[in-house]
Amino acid sequence: MAETNRIDGDLTVAQAKIAIVAGRFNDFIVESLLRAALDTLARAGIADGDITVSHVPGALEIPLAVQEYAAAGRQDAVIALGAVIRGATPHFDLVAGESARALAGLALAHSVPIINGILTTDTIEQAVERAGTKAGNKGADAALAALEMISLLRKIREPRTGGE
Ligand code: INI
């Protein structure tokens, strides 16, 4: 009986162009996410010159900048970094929901990995925990997710590998 074909991404992406769009709102959190994302990409061997970082005012502006990068077709992945904190945001649901919904649509529309590294938390403490203290760093996680998706898409798109 034939074995099941499997194609999985890995983290050994030698060369890739990656754009990062970061919100300035809650920048003390977002800059920690950005630092960790850049550090993770550097340790994976991605050259500094292949990484482009743009800042926007807040999470609501992130999708438009991401869309420009995706539509230009020069990036292998785009990473969105931001922090939406319910305690400090009367319109939390709108800001968090709109940005996540728009990002998901963009990935499908442009067929490019768009990684949502926008933290959405109830409290500042929870955001700090996910930005490099006891619950890891969502920026690092986002960078790893970008590498895995770049790898996976390259393998899926390779003609006649993986037994299809
Ligand atoms: N933007 C964020 O990235 N995080 C937030 O927590 C936040 N709050 O608290 O409102 C926030 N608002 C700004 C928003 O993203 C836009 O920049 C602003 O509404 C201008 O369009």
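None of the values given here were measured: they were computed from a predicted structure. (Residues numbered from 1 in each chain as written. Predicted model: local features only at pLDDT ≥ 70, side-chain atom pairs only at ≥ 80, totals over all residues. Heavy atoms only, no water.)

Novice: Please provide a residue-by-residue account of the overall build of the protein chain, values included.
Specialist: Along its length, the protein chain carries five helices and six strands. A compact globule built from 164 residues should have a C-alpha radius of gyration of about 15 Å, and the protein chain, at 16 Å, falls within 12% of that. Of all 164 residues assigned to the protein chain, the portion counted as buried reaches 43%. Of the contacts made within the protein chain by residues no fewer than 6 positions apart, 78% connect residues no fewer than 24 positions apart. (Helix = DSSP H or I, 4+ residues; strand = E, 2+ residues; numbered from the N terminus. Rg over C-alpha atoms; globule rule 2.2 N^0.38 Å. Buried < 20%, exposed > 50% of the residue type's maximum accessible area, 1.4 Å probe, protein only. Contact = heavy atoms within 4.5 Å.)

Novice: Just give me the short version of the layout of surface pockets, but keep the residues and values in it.
Specialist: Put simply, the largest pocket is a space of about 180 Å³. Per-class residue counts for the lining of the largest pocket are nine nonpolar, three polar and no charged. (1 Å grid on protein atoms, 1.4 Å probe; cavity = no way out; pocket = protein on both sides within 12 Å on 5 of 7 lines; lining within 4 Å. Points joined across faces, edges and corners; volume = space filled by probe spheres on them. Nonpolar A, V, L, I, M, F, W, Y, C, P; charged D, E, K, R; others polar.)

Novice: Please provide a residue-by-residue account of the site of the ligand, values included.
Specialist: If you check the shell around the ligand, you find Phe25, Asn26, Gly58, Ala59, Leu60, Glu61, Ala83, Val84, Ile85, Ala88, Thr89 and His91 and nothing else. Ile85 is positioned with one of its backbone polar atoms (N or O) 3.4 Å from an oxygen atom of the ligand. Summarising the interface, the protein chains cover 79% of the accessible area of the ligand, which totals 460 Å² for the free molecule. According to the grid-proximity analysis, the pocket containing the ligand is the largest pocket. A breakdown of the residues in the shell around the ligand according to their chemical character gives seven nonpolar, four polar and one charged. (Near = heavy atom within 4 Å. Polar contact = N/O pair within 3.5 Å; in protein donor to acceptor, adjacent residues only side chain to side chain. Areas by Shrake-Rupley, 256 points an atom, 1.4 Å probe, with all protein chains shown as cover. Sits in = over half its atoms within 2 Å of the grid points.)

Novice: Tell me about the nonpolar core, and please be specific about residues and values.
Specialist: For soluble globular proteins, the rule of thumb is that nonpolar side chains tend to be buried together. One finds Ile18, Ile20, Leu41, Ile46, Ile79, Leu81 and Leu119 to be the most contacted residues of the largest nonpolar core, which totals 27 residues. Of all the secondary-structure elements, those providing two or more residues to this core are β1 (18-23), α1 (27-43), β3 (77-85), β4 (114-121) and α5 (138-157). If one sorts the elements of this core by residue count, α1 sits on top with six residues. With residues up to four places along the chain from it excluded, the contact list for Leu119 reads Ile29, Leu33, Gly82, Ala83, Val84, Ala127, Arg130, Ala131 and Lys138. (Core = buried A, V, L, I, M, F, W, Y, C linked by side-chain atoms within 4.5 Å.)

Novice: Report on the pattern of salt bridges, specifying residues and quantitative values.
Specialist: Counted under the stated rule, the structure contains nine salt bridges. The salt bridge involving Arg43 is made with Asp39; its shortest N-O contact spans 3.0 Å. Here Asp39 and Arg43 lie together in helix α1, a separation of four residues that amounts to about one turn. You can call Arg43 exposed: its relative accessible area is 65%. (Salt bridge = Lys/Arg side-chain N within 4 Å of Asp/Glu carboxyl O.)

Novice: Can you break down the sheet that holds β3 residue by residue, with the values?
Specialist: Sheet architecture is open: four strands sit in the order β2-β1-β3-β4, paired in parallel fashion. Two strands in the sheet have a free side with no partner beyond their single neighbour: β2 (51-56) and β4. Recorded for the sheet is a direction-independent mean angle of 15° between the axes of neighbouring strands. Looking at chain direction, β1 and β2 are connected through six bridges and run parallel. Within β2, the residue paired with Ile18 across the bridge is Ile51. Packing of helix α3 (residues 92-110) onto the sheet brings it into contact with β3 and β4, and relative to β4 it is tilted by some 170°. (Pairing = 2+ DSSP bridges. Axes fitted to C-alpha atoms, helices over the stretch in contact; angles between N-to-C directions.)

It is worth stressing that arrangement in space is one thing and function is another; only the former is reported here.
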